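Overview (structure and organization)
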There are 2 protein chains.
Amino acid sequence: MTLFADRLIDATRRHGPLCVGIDPHAGKVPALFGGDTPEGIEAWGRALVECCAGTVACIKPQVAFYERHGPEGLKALQSITRAAREAGLIVLMDAKRGDIGSTAEGYAAAFLGKDAPFEGDALTVNPYMGLDTIEPYVREAEAHGRGVIVLVRTSNPGSADFQSRSLEGAPLYARVAEAMAPMAERLKGRNGWSGLMMVTGATGPDEARTIRDLAPSSLFLVPGYGAQGASAAEALAGFVQGPGGLEGGVVSSSRGVNFPDGSGEAGDVEEWKSIISAAIAQARADLRGLPIPA
Amino acid sequence: MTLFADRLIDATRRHGPLCVGIDPHAGKVPALFGGDTPEGIEAWGRALVECCAGTVACIKPQVAFYERHGPEGLKALQSITRAAREAGLIVLMDAKRGDIGSTAEGYAAAFLGKDAPFEGDALTVNPYMGLDTIEPYVREAEAHGRGVIVLVRTSNPGSADFQSRSLEGAPLYARVAEAMAPMAERLKGRNGWSGLMMVTGATGPDEARTIRDLAPSSLFLVPGYGAQGASAAEALAGFVQGPGGLEGGVVSSSRGVNFPDGSGEAGDVEEWKSIISAAIAQARADLRGLPIPA
């Protein structure tokens, strides 16, 4: 069994840190695919997966956008993520679950278990309820070579309300990061990185550096790049020099690569794919510090 | 439109504060109903709803136990909650969702929106990401007369890891409670109670009293009673004297009324129902300080 951390870092060394969100925002899926219906979302998401295959390390669907359409929307999620995994893409399920004991076990089984109905390579989870509520995900991840992504410092303005305030002398987000250290050890791969990942918003590069010091082995999932306003340099603040350049996690982009200018007006799927692929190529190059393709 | 807070307090004045969890734990649904399958869960949950109708104020399904079974499990959740609402029961969706901006809007639409696929009267949400992530739920609740239930101090041992530690001079859970005050005003009913509810675990009666002082109008959702070890008196610590006795929220019980002794061995549905109804009657009486029925 190749551990999640090893698979993810290998993929980012090959393709760079870009993680493509697959987030069918209300009213945004082009009519070309069937619009804002479960069928439209499925066709759109699978086409997006085709643009990602062989080009990026991973995808990250926001489960909310599928849940909004009820069980049929969740079938679309299954179809898209299965296609992605078959295409060799790593799937980070962005569901931000969190609950106690047996309930957390239920969520862990749903996303990280053997034969999980919503099978992902990793799942985002919320630490507010405490370490015993993270444990069931870590256990499931250990058993099946998967990852757990803990919210630490998020990219939204509201991260100032609680996360950035001082909890017994250090910001709450830092307390969360330091508390996760023993769990991070348990999900460490051969390459030294851990599949106990941490969400560190690109809008807080100083905070990302603080978290890197507290959690040197944790891979980061960095939201907030692009549409939310942060630059590539800010997104990569918590990364470190690796054999082939900066490494240490993935940077997600959704709106910028899901709905780039002109994509809503594409006349057919091939035209749409060329617009999407160009947007992905641009984000990839930006995050690797390369010249942006013409 | 009757506001959620008015509907809930009226129901508890009539039936008492018991809220029945509908939590199909792995391997616990009796073979009588079809066992641990989507069909078994649906039949079991609908039978449980029949035992609750006209007897208790509300039910609370844990979404994790349905998600575990994929889209078909979530169809069972839809069937059970529709039956409950048709029977006049208030449905508190326990999904503990939490995310930023448009993603939170997706979850709010899924559970609290007009024609929501998983329509509930209220939804549990996680405050870690900040006030801007709670706002979309409050807006949807205002528009449709629903409620929002914020995690404040949970019932598990891990609540000590972050919630109980001092954030700038007061416990994090108290900071969360005080920060919610303006939102609580917006969901206030005619009776003075607010549908911006707070989760306050029965295992922390002192904490519940602290939260009551900080949030005098918020109705409480109190987990941890019964199977998790807290007594009725502890569960009601944050309640206040109302016209007909103690009031100010609901106390949930799951395992004790979902899987009481003997229920797994019932020979038929009628026998099972009489065992379940007796367990519900016992919890109801216990929470009202009445002699327990023989």
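What follows covers the confidence of the model for chain A. The predicted coordinates ought not to be read in detail in places where the model reports low pLDDT. Mean pLDDT over chain A works out to 96, with 99% of the residues at or above the 70 mark. Across the whole predicted complex the pTM is 0.97, and at the interface the ipTM reaches 0.96.

Here the focus is the relation of the copies chain B and chain A. Here chain B sits on chain A after a turn of 180 degrees about the axis and a move of 0.0 Å along it, with an RMSD of 0.0 Å. What the rotation and shift describe, once combined, is the action of a two-fold rotation axis.

Glancing now at unusual backbone geometry. Residue and element names in this part refer to chain A. Not every positive phi belongs to a glycine, and Asp115 is a case in point at roughly 55 degrees. Mapping Asp115 onto the fold places it in the loop between α5 (101–112) and β4 (122–125). The exposure class of Asp115 is exposed, given its relative accessible area of 65%.

The subject of this paragraph is the packing of helix α2 (residues 38–52) of chain B against helix α12 (residues 269–287) of chain B. Residue and element names in this part refer to chain B. Close contact between α2 and α12 brings their axes to 10 Å; oriented N to C, the two are set at 50 degrees. Classified by the interaxial angle, the pair formed by α2 and α12 is oblique. α12 is crossed by α2, and the crossing has right-handed handedness. Here α2 contributes Trp44, Ala47, Leu48, Glu50, Cys51 and Cys52 to the contact with α12, which in turn contributes Trp272, Lys273, Ile276, Ser277 and Ile280. Its residues assigned to classes, the contact of α2 with α12 comprises eight nonpolar, one polar and two charged.

With that settled, consider the sheet that holds strand β2 (residues 58–60) of chain A. All names here are of chain A. Judged by pairing direction, the barrel is parallel, and its eight strands sit side by side in the order β1-β2-β3-β4-β5-β8-β9-β12 before closing back on the first. Across the sheet, the mean angle from the axis of one strand to that of its neighbour is 30 degrees, orientation sign disregarded. Pairing between β2 and strand β3 (residues 90–97): two bridges, direction parallel. In the sheet register, Ile59 faces β3, and the bridge partner there is Val91. The strands touched by helix α6 (residues 135–144) are β3, β4, β5 (147–153) and β8 (194–200); relative to β5, the strand with the most contacts, the crossing angle is about 145 degrees. The strands that helix α9 (residues 205–214) touches are β5, β8 and β9 (218–222); relative to β9, the one it contacts most, it runs at about 160 degrees.

It is worth spelling out the interface of chain B and chain A at this point. Taken together, the contact between chain B and chain A spans 59 residues of the former and 59 residues of the latter. With both sides pooled, the region where chain B packs onto chain A buries about 4800 Å², and carbon together with sulfur makes up 59% of that total. In this structure, the salt-bridge partner of Glu67(A) is Arg97(B), at a minimum N-O distance of 3.1 Å. Where chain B meets chain A, there are 30 residue pairs in polar contact (both at pLDDT 80 or more). Elements represented by at least two residues in the side of chain B that touches chain A include exactly α3 (64–67), α4 (70–86), β3 (90–97), α5 (101–112), β5 (147–153), β6 (166–167) and α7 (172–179) of chain B.

Residue and element names in this part refer to chain A. Along the polypeptide, Ser252 turns up in strand β12 (residues 249–253). Judged by relative accessible area, which is 5%, Ser252 ranks as buried. Once you skip the residues sitting within four places of it in the chain, Ser252 turns out to touch Cys19, Lys60, Leu221, Val222, Pro223 and Tyr225.

Rules used in this analysis
- Numbers given for residues are sequential positions, taken from 1 along each chain in its written order.
- Here every chain gets a letter starting at A, and every ligand a number starting at 1, in the order they are written.
- Per-residue local features of the predicted model are confined to residues with pLDDT of at least 70, and side-chain atom pairs are confined, for both listing and counting, to 80 or more; whole-chain, interface and lining totals are unaffected and use all residues.
- Only hydrogens and water are set aside when side-chain values are computed; all heavy atoms of the structure are taken into account.
- Each residue carries a pLDDT score, the predictor's own confidence in it, on a scale running from 0 to 100.
- The copies are overlaid by a least-squares fit using only the C-alpha atoms of residues whose pLDDT is at least 70 in both copies.
- Strands here mean DSSP runs of E at least two residues long; helices mean DSSP runs of H or I at least four residues long; both are numbered from the N terminus.
- For every residue, the accessible area (1.4 Å probe, protein chains only) is compared with the maximum for its type, and the residue is labelled buried under 20%, exposed over 50%, or partly exposed between those bounds.
- Here, axes are lines fitted to C-alpha atoms. For helices the fit covers the stretch in contact, and angles between N-to-C directions go from 0 to 180 degrees.
- With respect to orientation, any angle under 35 degrees is reported as roughly parallel, any angle over 145 as roughly antiparallel, any angle of 65 to 115 as roughly perpendicular, and every other angle as oblique.
- Less than a right angle of anticlockwise turn of the near helix away from the far helix marks a crossing as left-handed, whereas a clockwise turn marks it as right-handed.
- We call two residues in contact when some of their heavy atoms are within 4.5 Å.
- Charged means Asp, Glu, Lys or Arg here, nonpolar means Ala, Val, Leu, Ile, Met, Phe, Trp, Tyr, Cys or Pro, and polar covers whatever is left, Gly included.
- By the convention used here, strands pair only if DSSP detects at least 2 bridges between them.
- A 1.4 Å probe defines the accessible area here, and the buried area is the portion of it lost by two parts on being joined, summed over both.
- Here a salt bridge means any side-chain nitrogen of Lys or Arg lying within 4 Å of a carboxyl oxygen belonging to Asp or Glu.
- Side-chain atoms alone can form a polar contact between residues adjacent in sequence; in general such a contact is a pair of N or O atoms within 3.5 Å, and within protein one must be able to donate a hydrogen while the other accepts it.

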